[in-house]
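Notes for the structure review
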Amino acid sequence: MNHNIEKKLVLDPDTFLWEMEGQGLFYNTVSYQSYLFSNTGIVSLYCDKISNINNLYVIDIPEEDKKDKMLNNWLHEIVKRRMGTFWEKSEDELYIISFPPLLNLQSDIDRIEAAEDRDVGEYAAQNWNEFSIYLGGESKFPNLHKQIPYPVDDSSILPFYDLQAFLSSSDNSYLNTINIIGNPFSYPYKAELMDLLYSIPVKKNFYLTASTACRFIKEIQQIELPNYELYIYYEQEEASIHHILTEKQIPFHWIYLISSEKQYEDLEKLETKYGNEYVEVHPIYTGDNLPFFEENVYLAEEDILQSNYDKQDIFAHQVMNTNFWGRLSVLPDGKVYSNLNHPPLGTLKDRVYDLIVDEMKSKRAWRWIRDEVSPCKDCLFRYLCPSPSNYELVIGKPNLCHVKP
């Protein structure tokens, strides 16, 4: 019998490895476990072997290396945390392989642009999936729409027939959600808008004040609009409509805007009274409540390492902004945006195709990722962080974390 045994480390295909500035980080997208370690000496050499695609996540462990205490501790931590396993191969056994988690770049925009026989527009339409329609009117917080979906303070009247033509484009075949933000009753073409929404087989979300929601409930039931949901900005004195919504089985959520520690008590009462499944909490930056954000929104290292991201989430963070990708918005003046904090892409009179291609080629919103942001691009944890958001743009800070303040 042949007793010549080779011992190998086999990394799990759901385990990512990132290295930077003398540190290494493993993250497994099934167990959600992480392992932060000092990437020096012999450990660094093994990380180089792991990162070599030719090794296919299978690393030899020579006899002489097994005597190294630092390496042994590192190897056993990997196995203990279910990020890999030891495998002993005898000469008469077949070889084992594992597949590193590598992003499929076949549809990557940079790759398409570099190819002479391909064009970014070849798959433009399938990347537009959400459209937000801002109706004109008054707003309690005029600039809040630059942070979250919220009514704008604008007396302009959204050009309905331009909107109708825009949404009738063949480029909207992948659209799955339309958000209507503001008071429909203040819009002169409300009836036409509701008919248009009825004809489009996608999810419709209405963002309303509680007083507007009271009127809207009656109308939306009369026309039997399919596949819709109400998002109602919570105001304590008007929360009495909750029982109407639940009694009539209308799908809805309260949106609770929070800007200070003092509001947590009120929030807890709301969640206790109505159930937290009905409440969405949105922090809002007021210009003078940065300490509140630093305490409650900014991420610390332990927060980041407790992320529950799967493999597709990690891949997405490497190439796209998951907050903005696939989303377009139109303001009452007819201008279309990929992000309301940036200049418009164009107007409702433009071709959807042209606007999408323009946005996909840029890195203003849809492709604004941590790799494009300093100091995030030099951070080991950048793919475990949420994509950059509107909060960064409004606050004027590139990252909302305590790791690289």
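Quick note: structure is the one above.
Every chain's residues receive numbers from 1 upward, in the order its sequence appears when written. Only residues with pLDDT of 70 or above have their local features reported here, since the model is predicted, and side-chain atom pairs are shown and tallied only from 80 upward, although totals for entire chains, interfaces and linings are computed over all residues. Values reported for side chains reflect all heavy atoms of the structure, with hydrogen atoms and water molecules removed beforehand.

Here a strand is any run of E in DSSP of at least two residues, a helix any run of H or I of at least four, and the numbering for each starts at the N terminus. Along the polypeptide, His 253 turns up in strand S11 (residues 252-258). Pairs of N or O atoms are called polar contacts if they sit within 3.5 Å, as long as, within protein, a hydrogen donor faces a hydrogen acceptor (for residues adjacent in sequence, only side-chain-to-side-chain pairs). Among the polar contacts made by the side chain of His 253, one reaches the side chain of Glu 229 at a distance of 2.8 Å.

This part is about unusual backbone geometry. Looking along the chain, the bond that leaves Ser 374 and enters Pro 375 is cis, with omega of 15°. Its place among the elements puts Pro 375 in the loop between helix H12 (352-361) and helix H13 (390-395). Phi at Asn 227 is positive, roughly 55°, even though this residue is not glycine. Position of Asn 227 among the secondary structure elements: in the loop between helix H6 (210-222) and strand S10 (228-233). Each residue is assigned to one of three classes by its accessible area relative to the maximum for its type, calculated with a 1.4 Å probe on protein chains only: buried under 20%, partly exposed between the two thresholds, exposed over 50%. Classification of Asn 227 as partly exposed rests on a relative accessible area of 47%. Located in the positive-phi region is Gln 249, a residue other than glycine, with phi close to 55°. As for its position among the elements, Gln 249 is in the loop between helix H7 (242-247) and S11.

A few words on the pairing of strand S8 (residues 177-181). Among the 5 residues of S8, 5 are classified as buried, and the element is accordingly described as predominantly covered. Alternating residues of S8 divide into Thr 177, Asn 179 and Ile 181 and Ile 178 and Ile 180, and every residue in both groups is buried. The pairing criterion for strands is at least two bridges between them, as found by DSSP. Here strand S7 (residues 130-134) runs beside S8; their pairing, made up of 5 bridges, is parallel. Looking at S8, one finds that Tyr 134 is bridged to Ile 181. Handedness of the β-α-β unit built from S7, helix H4 (residues 160-167) and S8 comes out right-handed. Pairing analysis gives 5 bridges linking S8 to strand S9 (residues 203-209), with the strands arranged parallel. If you follow Ile 181 over to S9, its bridge partner there is Tyr 207. In this view, the connection linking S8 to its parallel neighbour S9 by way of helix H5 (residues 190-199) has right-handed handedness. Here, the term right-handed applies to a crossover whose path from the first strand over the helix to the second runs clockwise when the strands point away from the viewer.

With that settled, consider the sheet that holds strand S3 (residues 23-28). Across the sheet, 3 strands lie side by side as S2-S3-S4; this open sheet has antiparallel pairing. The strands lining the two open edges of the sheet, one partner per strand, are strand S2 (15-20) and strand S4 (34-38). When the angles between neighbouring strand axes are averaged without regard to direction, this sheet yields 15°. Of the strand pairs in this sheet, S3 and S4 are connected by 5 bridges, and their pairing is antiparallel. Residue pairing across strands places Phe 26 opposite Tyr 35, the latter belonging to S4. The strands that helix H1 (residues 41-51) touches are S2, S3 and S4; relative to S2, the one it contacts most, it runs at about 125°. Fitting a line to C-alpha atoms yields each axis, with helices limited to the stretch in contact; the angle taken between N-to-C directions then spans 0 to 180 degrees. Contact definition: two residues touch when any of their heavy atoms are within 4.5 Å.

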